[in-house]
Amino acid sequence: MLIPATVPPHKRDEFHNNYATLTKDTSKLLLFVADQKMQSLNEEFFGPDLPAGISDPEHIFKIASQSNVGGLSVHLGLMSRYGQQYSNINFVPKLDGKTNLTPTDPYSQQIWSVADAVDVARNGNMKLCGVGYTVYVGSEYEREMLTEAATTIKEAHAHGLVTILWMYPRGHKVKNPYDPNIIAGVAGLGATLGADFVKITEPDTGPHDLIYAVQAAGNTKVLVAGGPARSPEQMIKRVEAQLSYGTAGAVIGRNIFQHPLKEAITIANNLAETIYQHLDEDNFVGL
Amino acid sequence: MLIPATVPPHKRDEFHNNYATLTKDTSKLLLFVADQKMQSLNEEFFGPDLPAGISDPEHIFKIASQSNVGGLSVHLGLMSRYGQQYSNINFVPKLDGKTNLTPTDPYSQQIWSVADAVDVARNGNMKLCGVGYTVYVGSEYEREMLTEAATTIKEAHAHGLVTILWMYPRGHKVKNPYDPNIIAGVAGLGATLGADFVKITEPDTGPHDLIYAVQAAGNTKVLVAGGPARSPEQMIKRVEAQLSYGTAGAVIGRNIFQHPLKEAITIANNLAETIYQHLDEDNFVGL
Amino acid sequence: MLIPATVPPHKRDEFHNNYATLTKDTSKLLLFVADQKMQSLNEEFFGPDLPAGISDPEHIFKIASQSNVGGLSVHLGLMSRYGQQYSNINFVPKLDGKTNLTPTDPYSQQIWSVADAVDVARNGNMKLCGVGYTVYVGSEYEREMLTEAATTIKEAHAHGLVTILWMYPRGHKVKNPYDPNIIAGVAGLGATLGADFVKITEPDTGPHDLIYAVQAAGNTKVLVAGGPARSPEQMIKRVEAQLSYGTAGAVIGRNIFQHPLKEAITIANNLAETIYQHLDEDNFVGL
Amino acid sequence: MLIPATVPPHKRDEFHNNYATLTKDTSKLLLFVADQKMQSLNEEFFGPDLPAGISDPEHIFKIASQSNVGGLSVHLGLMSRYGQQYSNINFVPKLDGKTNLTPTDPYSQQIWSVADAVDVARNGNMKLCGVGYTVYVGSEYEREMLTEAATTIKEAHAHGLVTILWMYPRGHKVKNPYDPNIIAGVAGLGATLGADFVKITEPDTGPHDLIYAVQAAGNTKVLVAGGPARSPEQMIKRVEAQLSYGTAGAVIGRNIFQHPLKEAITIANNLAETIYQHLDEDNFVGL
Amino acid sequence: MLIPATVPPHKRDEFHNNYATLTKDTSKLLLFVADQKMQSLNEEFFGPDLPAGISDPEHIFKIASQSNVGGLSVHLGLMSRYGQQYSNINFVPKLDGKTNLTPTDPYSQQIWSVADAVDVARNGNMKLCGVGYTVYVGSEYEREMLTEAATTIKEAHAHGLVTILWMYPRGHKVKNPYDPNIIAGVAGLGATLGADFVKITEPDTGPHDLIYAVQAAGNTKVLVAGGPARSPEQMIKRVEAQLSYGTAGAVIGRNIFQHPLKEAITIANNLAETIYQHLDEDNFVGL
């Protein structure tokens, strides 16, 4: 495990422990997320095809608490209202946010500082392992996000916390955000910012082209977004294919929480098993 | 009563007391408001159909002081000029504001900090129980408001104060701000920001669809705006209907203050009785 | 006299003294102003119909020093260069400013802090009694001005200083800035910001409609702008009429300083006598 | 000599000395400037009609060091690289800057603080006597410049340094920046900001109309820009004419540095003699 | 070697050592750079004509560590993840950045402070010799960049670090960014900001016209960009020609890293030999 030089010496053990907790002592990670509650409001949580009751935030916390996911990423405000009741969860709060109603070029502004996350966790006796932040590369507000991302990494590492960047290519000059070379580029950009993990999307040319992103990211690990709703079996196959090209795991939301509690827990556990028991030596396809 | 993890341990008792004061030891709240004095200037306070003299700010403070409302929300500047003369009021100052003459996308900027409110209350021996802030979801300035809302909640909780967010969907992408799913969405957004209460409007499909907002908000309590002028009897019925779908009370301005003092006090007391004596077990309609 | 709760207890005496000095122990105020030297550059100080020499800043200070005006409001920079030579003046420096050459929506930015004013007065042994700030209600920059106004009031009161807000309705949505209801609205807005005095203009419907502004402002006192050039006799009549509807005095510039020194002093003294000797009980017309 | 009230008592002697150094114990000033090196890049320093080698920054410092000019104004960065080699120069570093390639309304942003200038001078054992800053009156960015100008004056005076404002009328509402009334207006504006000296341009109606600027500026002294290239003899005559209308000296760049070193020194010395030996009583034409 | 007055006395030795390390006790510098990994994402690191594997960041660090380049410039985030494994490199981290997908006028915002660079180097026991920053002269954001450049120089010198400014003329008013007079102008602008080195491009009139930039920059040293892909032999000739007109070296990226490791090391070493063994007395062509 790499401990980057943004982590001061007296925080190396803490960083090591947080990294080991999220990855269960592997180099892999399944991150369960529900930051859509801010981004798309009630859209992912209510509808004719969705089970009743999943919009209650407690649904998210129950799944995270009763399954083997590596960590949970929700916005810090929600964590402050539920986290102390679910103290076995490994938290990776999302510090930025916006809704999909904003009329401007995308900019998911940093709403909370790393110190805010540390305060909430300490007040509520929660396990804080890392933090998450989003960069829309190519947006009119790209520069604000690059700076907030780098600052978040610096402050998180100063607290011994793991950092995960959501890297999305967007804007007028981005013709295809699923182009493998663009995706590799934003993965590499995450590395130049100093991230431990980057969350990217699978290229539209298929999972094999994730190898370019994995290479460009170097010692920054690559996680892949869960994408549109799929059957649990499809999700497992998809994640297995991605892992075989060198990725380090997945960031999954709706494909877990859009199911009733028991089902959701089973799906999460199966994904966790797939990811955490993946052996690199058997499956990795080199460049 | 939930004490969120943004409240530090040494402020838990103070938060508990403030919450209990506003809710009169129930989980309900009637908040009397006159922040229209900034937002719409003299419009709600003067006109051919309105009683003379209600534009004198003293009218507001007299009603709040002589009735059983749970709290009063006016802008902090006005509170600094009248509050010490009406020391039995439970204050929830509004910290943001703008007028309806502003030509831009709505942004009700934070004008005072939580620390300013604490200073005013201490200087004038007033009872400060909480603070209020407005978010126009979907505005060009949404991100500034999300950040100011979260910061206000953090700082208010750090002082043991209760927080109430006014949540309004607005802007080009909001086709119908009274759509029940949008309203549920902004209620849930208030929860992701960590608010104790959110003030929303009743959906145009009727009070029963407030249950979606109540569910999405989880342990953040839902208050409903008083809306356009109505007869006192209509107001009572309306609030009763709303409460039966799980809301926690109402935020009422013109339907109280657009009456002469004695009438206004009676109306406020009847609303307070309706809200604070509402029994959840008798009336709540589950999902 | 009201001491607002933004004044801390240990500054109450100082605030009381400053208020009593400006109002000569009445509740009235004649404020002499020359902030036009920034706003309209040389326009008000030079021209074919104006006496020679009035553009020399010393003209302003001589009038203020040798007459009975309640206070003088010039920009702090000018005060720093002349104030120590005229140490009997009661200063109310203007802290904001812009010129009428600015191409944008009006925004008279805060240029100096209250602390700057305190420093200048202390260094030069001047009598600092209050500060002034301008709000263009309805401008694209309204929110910056609301915040700067509230901050200025907070900081001025923290130093025991009296605050005066210049309240001007402006912008695309303001059809008539002389509408009595708009004027009452901005007077009331000054109260929500916590001002001790607001300077407004007389409605185009006549001085009697100032009563709506007086009522909406509550315990914030109303001062009326001097307006276009008039004869000294007309000015006295105008101010008398205004006072009879409950206003607290006037803010006058060109109608004083556009006269040679001796004349200007006489005009100022006559206005001061009119304002400070006005008896409310004899003349006030209730609503 | 006036010591303004922005100078704290313990810095009055230092201010007095700096003022006396720049003015050689008169009330006049010849400021040699080369801030064009940022504003117009290589334009003023290279061309078919210009002597070779004048673009080497050392040319500027040699002239200043070997002539009798009152002070030298270059950007602080350049001063940090050459100043310690020319320690007999009286420095008045320019703290703001932009190039003429900027596409926006003019805004010459403050790049260095007064404290930065003090640090550089102390590290390099240089004589720091004052600082310079530019205001484009009428620009879209006027308000930023008014505030930075006032802040610079405040901070410079707090360090006992003399302040010089470059005052240029610009923008859509400025029909003629050489109109004598506009020029008088911006000179007076410099006084409202608290400047010790303002640099303005000569009106297109001739030097006699500088008397309006001199009057409007009051006890702020007026310096006149050198303007387009002229013969040394023309320059002397021009400056003599200006002085006879009450100005305090000149700010001259290209008319000095666009000559080979020896010539440049002679020109500078002749101008210095003209300015510093000018007797007000003999020549001043009153209003 | 010049030690500018922005370097405080107690940091002069450190500055001297850092300068001597980068220049190998000459006045020359070969800076190897890979800041393209942020600026152009994967474009320079992957393609049909490029060797496989060069997008792995380790490729960059291996070249820098195993060759005789004077220093390596990559973004600080990447340095924090690889630097401690390659502790013999002389680091000059790039503190600003943007991607070529940004839709606005160019502004490569400062992402990290000088203090951040110092922290990373200390945590990881790396050799930090200087920092780099980019200015797009003529951009709508020019003023932000001029200020950030000057601030970076001030802070870097305060830490005894050498500063290098990337100076690019850009924007609507820049008709030809390869015009020799414009290039000389931005080189001189770097001097007014106080830079130790400026990186410019070769004029389209040929290397001989670099003498104008060298002269305008004075005691700020001039480095030339490597430009488009060329053969190693062409690169050597090009750099030799540039040096003969007084430049101090080169800043080279793709012409080194777009080769397999061994080749890249050889190319770098040959360039280093050319630059560091260049004798000014033999080759310099005066103006």
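Just so we're clear, the structure is a prediction, and the values are computed from it rather than from any experiment.

The rules behind these values
- Residues numbered from 1 in each chain as written.
- Chains lettered and ligands numbered in written order.
- Predicted model: local features only at pLDDT ≥ 70, side-chain atom pairs only at ≥ 80, totals over all residues.
- Heavy atoms only, no water.
- Contact = heavy atoms within 4.5 Å.
- Least-squares fit on C-alpha atoms with pLDDT ≥ 70 in both.
- pLDDT = per-residue confidence, 0-100.
- Buried area = accessible area lost by both parts, 1.4 Å probe.
- Salt bridge = Lys/Arg side-chain N within 4 Å of Asp/Glu carboxyl O.
- Polar contact = N/O pair within 3.5 Å; in protein donor to acceptor, adjacent residues only side chain to side chain.
- Helix = DSSP H or I, 4+ residues; strand = E, 2+ residues; numbered from the N terminus.
- Buried < 20%, exposed > 50% of the residue type's maximum accessible area, 1.4 Å probe, protein only.
- Axes fitted to C-alpha atoms, helices over the stretch in contact; angles between N-to-C directions.
- Parallel < 35°, antiparallel > 145°, perpendicular 65-115°, else oblique.
- Left-handed = near helix turned anticlockwise from the far one by under 90°.
- Nonpolar A, V, L, I, M, F, W, Y, C, P; charged D, E, K, R; others polar.
- Pairing = 2+ DSSP bridges.
- Right-handed = clockwise from strand over helix to strand, strands pointing away.
- Expected span 1.5 Å × (residues − 1).

With that settled, consider the arrangement of the chains. A gap remains between chain A and chain D, which never touch, and the nearest two C-alpha atoms on either side lie 18 Å apart. Separated throughout, chain B and chain D approach each other most closely at a C-alpha pair spaced 18 Å apart.

Once that is clear, we can look at the relation of the copies chain C and chain D. Once chain C is rotated about the relating axis by 72° and shifted along it by 0.0 Å, it coincides with chain D to within an RMSD of 0.0 Å. Both copies are brought into coincidence by an operation consistent with a five-fold rotation axis.

This brings us to the confidence of the model for chain A. All names here are of chain A. With 97% of its residues at a pLDDT of 70 or more, chain A shows a mean pLDDT of 96. Taken together, the stretch residues 282-287 has pLDDT below 50 and engages in 11 contacts with residues farther than four places along the chain or on a different chain. On the interface metric, ipTM, the complex scores 0.96, and its pTM is 0.96.

Between chain C and chain D, the contact holds 38 residues from the first and 44 residues from the second. Summed over both sides, the interface of chain C with chain D buries roughly 3,200 Å², with 56% coming from carbon and sulfur. Of all residues in chain C, Arg81(C), Leu101(C) and Asn123(C) give up the largest surface area on contact with chain D, accounting jointly for 24% of the area buried on that side. Ionic pairing is found between Asp116(C) and Lys154(D), a salt bridge with its closest N-O pair at 3.0 Å. Our count for the contact surface shared by chain C and chain D stands at 21 residue pairs in polar contact (both at pLDDT 80 or more). Take the side of chain C that touches chain D: its biggest share by element is six residues, from helix 4 (residues 76-82) of chain C.

Residue and element names in this part refer to chain D. Under the counting rule described, the total for this entry stands at 40 salt bridges over all chains. As a salt-bridge pair, Arg238 and Glu202 come within 3.5 Å of each other at their nearest N and O atoms. One end of the pair, Arg238, is in helix 9 (residues 232-243); the other, Glu202, is in the loop between strand 9 (197-200) and helix 8 (210-217), with 36 residues separating them in the sequence. Assessed through its relative accessible area of 14%, Arg238 is described here as buried.

Let's shift gears to helix 5 (residues 114-123) of chain B. Of all 10 residues making up helix 5 of chain B, seven are buried, and the element is well covered by its neighbours. Among the residues of helix 5 of chain B, those classed as buried are Val114(B), Asp116(B), Ala117(B), Val118(B), Val120(B), Ala121(B) and Asn123(B). Looking at the buried side of helix 5 of chain B, the elements it contacts are helix 4 (76-82), strand 4 (127-128), strand 5 (130-137) and helix 6 (142-158) of chain B together with helix 1 (12-23) and helix 6 (142-158) of chain C. Phi for Asn125(B), located one or two positions after helix 5 of chain B, is positive at around 50°.

Quick look at unusual backbone geometry now. Keep in mind that most residues, glycine aside, have a negative phi and that most peptide bonds are trans. Residues and elements named next belong to chain B. Even without being a glycine, Leu41 presents a positive backbone phi close to 50°. For Leu41, the location among the structural elements is in the loop between helix 2 (36-39) and helix 3 (57-66). Taking relative accessible area as the criterion, Leu41 reaches 6% and is therefore assigned buried. Non-glycine residue Asn125 carries a positive phi angle of around 50°. Assignment of secondary structure puts Asn125 in the loop between helix 5 and strand 4.

For the rest of this paragraph, the subject is the interface of chain A and chain E. On the side of chain E, 38 residues touch chain A, which itself brings 44 residues to the contact. Together, the buried faces of chain A and chain E total about 3,200 Å²; carbon and sulfur atoms form 56% of this surface. Our count for the chain A to chain E interface comes out at two salt bridges. Linking chain A with chain E are 20 residue pairs in polar contact (both at pLDDT 80 or more). Examining the composition of the side of chain A that touches chain E, we find that 10 residues originate from one element, helix 7 (residues 180-193) of chain A, more than from any other.

Residues and elements named next belong to chain D. For Ser73, the position within the fold is in strand 2 (residues 71-73). A polar contact of 2.7 Å, which involves the side chain of Ser73, links it to the backbone oxygen of Val92. Setting aside its immediate chain neighbours within four residues, Ser73 contacts Leu31, Phe32, Val33, Ala34, Asp35, Val92, Pro93, Lys94 and Trp166.

Attention now goes to the side chain of His157(C). Topologically, His157(C) is positioned in helix 6. Exposure remark for His157(C): the relative accessible area of 0% places this residue in the buried category. Those residues within four positions of His157(C) in sequence are excluded, and the remaining contacts are Arg81(B), Pro4(C), Thr6(C), Val7(C), Pro8(C), Lys11(C), Phe15(C), Thr163(C), Gly194(C) and Asp196(C).

Here we take up the packing of helix 9 (residues 232-243) of chain E against helix 11 (residues 261-276) of chain E. Residue and element names in this part refer to chain E. Helix 11 packs onto helix 9 with a crossing angle of 20° between their chain directions and a minimal axis gap of 10 Å. Our classification of the angle between helix 9 and helix 11 gives roughly parallel. Taken as a pair, helix 9 and helix 11 cross one another with a handedness that is right-handed. Contacts between helix 9 and helix 11 involve Pro232, Met235, Ile236, Val239, Glu240 and Leu243 from the first element and Ile267, Asn270, Leu271, Thr274 and Ile275 from the second. For the contact of helix 9 with helix 11, the residue count by class is eight nonpolar, two polar and one charged.

Let's shift gears to the pairing of strand 7 (residues 197-200) of chain A. All names here are of chain A. Of the two faces of strand 7, the one lined by Phe197 and Lys199 and the one lined by Val198 and Ile200 are each fully buried. Bridge count for strand 6 (residues 162-169) against strand 7 is three bridges, and the pairing is parallel. In the sheet register, Ile164 faces strand 7, and the bridge partner there is Phe197. Traced from strand 6 through helix 7 to strand 7, the parallel crossover comes out right-handed. With four bridges joining them, strand 7 and strand 8 (residues 221-225) adopt parallel strand pairing. Counterpart to Lys199 in the pairing with strand 8 is Leu223. For the crossover that starts at strand 7, traverses helix 8 (residues 210-217) and ends in the parallel strand 8, the hand is right-handed.

Moving on, we come to helix 11 (residues 261-276) of chain D. With 16 residues, helix 11 of chain D extends 22 Å between its outermost C-alpha atoms, agreeing within 8% with the 22 Å of an ideal straight helix rising 1.5 Å per residue. Within the sequence span of helix 11 of chain D, burial applies to Ala264(D), Ile265(D), Ile267(D), Ala268(D), Leu271(D), Ala272(D), Thr274(D), Ile275(D) and Tyr276(D).

Looking at where Gly130(B) falls in the secondary structure, it is placed in strand 5. Residue classification places Gly130(B) among the buried positions, given a relative accessible area of 0%.

Residues and elements named next belong to chain C. Within the secondary structure, Phe61 sits in helix 3 (residues 57-66). Along the chain, Phe61 and Lys262 lie 201 residues apart, while their C-alpha atoms are 13 Å from each other. Setting aside residues up to four positions removed in sequence, Phe61 forms contacts with Leu72, Val74, Leu78, Met79, Tyr82, Gly83, Tyr86, Ile89 and Phe91.

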